[in-house]
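# Summary of the model geometry
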Amino acid sequence: MMFSKSKKDKQKFIACTANNKKYEFLNPKELFIKQGKVKEPIEIVSDKDGFVFIIWKKKRFQVEIIEKNQNNFEISVNGVSYPISVESPFSYKRKKYLAKNKQESKIEHIQAPMPGKIVEFLVEENQIVKQGDPLLILEAMKMQNEILSNINGKIVTINYGPEDTVMKDDILIEVEK
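Just so it is clear, the structure is predicted and the values come from calculations on it, not from any experiment. (Residues numbered from 1 in each chain as written. Predicted model: local features only at pLDDT ≥ 70, side-chain atom pairs only at ≥ 80, totals over all residues. Heavy atoms only, no water.)

## A short note on the pairing of strand β8 (residues 72–77)
Put simply, the test is: Each pair of strands is called paired provided DSSP finds at least two bridges between the two strands. Numbering of helices and strands runs from the N terminus; a helix is a DSSP stretch of H or I covering at least four residues, while a strand is a stretch of E covering at least two.
Relative to β8, strand β7 (residues 59–69) runs antiparallel, the two sharing six bridges. Its bridge partner being in β8, isoleucine 65 is matched across the sheet by isoleucine 75. Counting the residues between successive antiparallel strands, the hairpin from β7 to β8 contains two residues, one of them, glutamine 70, with a positive phi of roughly 55°. The sheet contact formed by β8 and strand β9 (residues 80–87) spans six bridges and is antiparallel. Looking across to β9, one finds that phenylalanine 73 is bridged to isoleucine 84.

If you want it as structure tokens, here you go:
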């Protein structure tokens, strides 16, 4: 999909998702979505209560900016959260270049997916884990969530203990690939 402005004299931006999908658009609002060769117009509207919607194919999608940090945003579309960054064409090319030439770290950080309280660690430092192995139990909103390893490796560091409260994106465990 590509977001674009119908007039050529507007400033171009690129929205990038966490998994490197690219959406281009021109500022300000006359937008359309391009899938292959088909272009469909979309509208951005707000109602009398201040809620913002994208209208596409006669369907309304409620949109909200949850968090903004420089050019990084977390947006909610119909209640589902998506991280994106908004880039100029130059900064997008730079970002792609840096990602391509980045040296991959041997340490993977397992982060808290939400704020909560650690109930129990299921691993110890220096333990070998496989992708999908349970690492810890995190309680959030009275629900216990099993946090799994996303890689094969060795537990290097456990940064918290049982009963500790953590915030979203806190580094819970470091795993060496």
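## Quick word on the side chain of serine 149
Under the convention used in this document: Only heavy atoms matter for contacts: two residues are in contact if any of them lie within 4.5 Å across the pair.
Mapped onto the elements of the fold, serine 149 is located in the loop between β14 (143–148) and β15 (153–158). Leaving out residues up to four positions away in the same chain, serine 149 has contacts with Val129, Lys130, Gln131, Gly132, Asp133 and Leu135.

## Digging into the side chain of serine 76
We count it as follows: Under the scheme applied here, a residue whose accessible area is under 20% of the maximum for its type counts as buried, over 50% as exposed, and between as partly exposed, the area being computed with a 1.4 Å probe on protein chains only. The definition of a polar contact used here is a pair of N or O atoms within 3.5 Å, where within protein one atom must be able to donate a hydrogen and the other to accept one, and adjacent residues in sequence count solely through side-chain atom pairs.
When you line up the elements, serine 76 lands in strand β8. Judged by relative accessible area, serine 76 falls into the buried class, the value being 10%. A distance of 3.4 Å separates a polar atom in the side chain of serine 76 from the backbone nitrogen of glycine 79. Beyond its immediate chain neighbours, meaning those up to four positions away, serine 76 contacts Gln62, Val63, Glu64, Ile66 and Ser81.

## Points about the packing of aromatic side chains
Let me state the cut-off plainly: Two aromatic rings, drawn from Phe, Tyr or Trp (for Trp, its six-membered ring), form a pair once their centres lie within 6.5 Å of each other, and the interplanar angle then sorts them: stacked below 30 degrees, edge-to-face above 60, tilted otherwise. Only when the NZ atom of a Lys or the CZ atom of an Arg is both within 6 Å of the ring centre and within 35 degrees of the ring normal do we say a charge sits over the ring.
Applying the stated criterion across every chain yields a total of one aromatic pair. The ring centre of phenylalanine 53 lies 3.8 Å from the NZ or CZ of arginine 60, which sits over that ring.

## Regarding the sheet that holds strand β10 (residues 107–111)
Judged by pairing direction, the sheet is antiparallel, and its four strands sit side by side in the order β10-β17-β15-β12 without closing on themselves. The two strands at the open ends of the sheet, each matched to only one other strand, are β10 and β12 (128–129).

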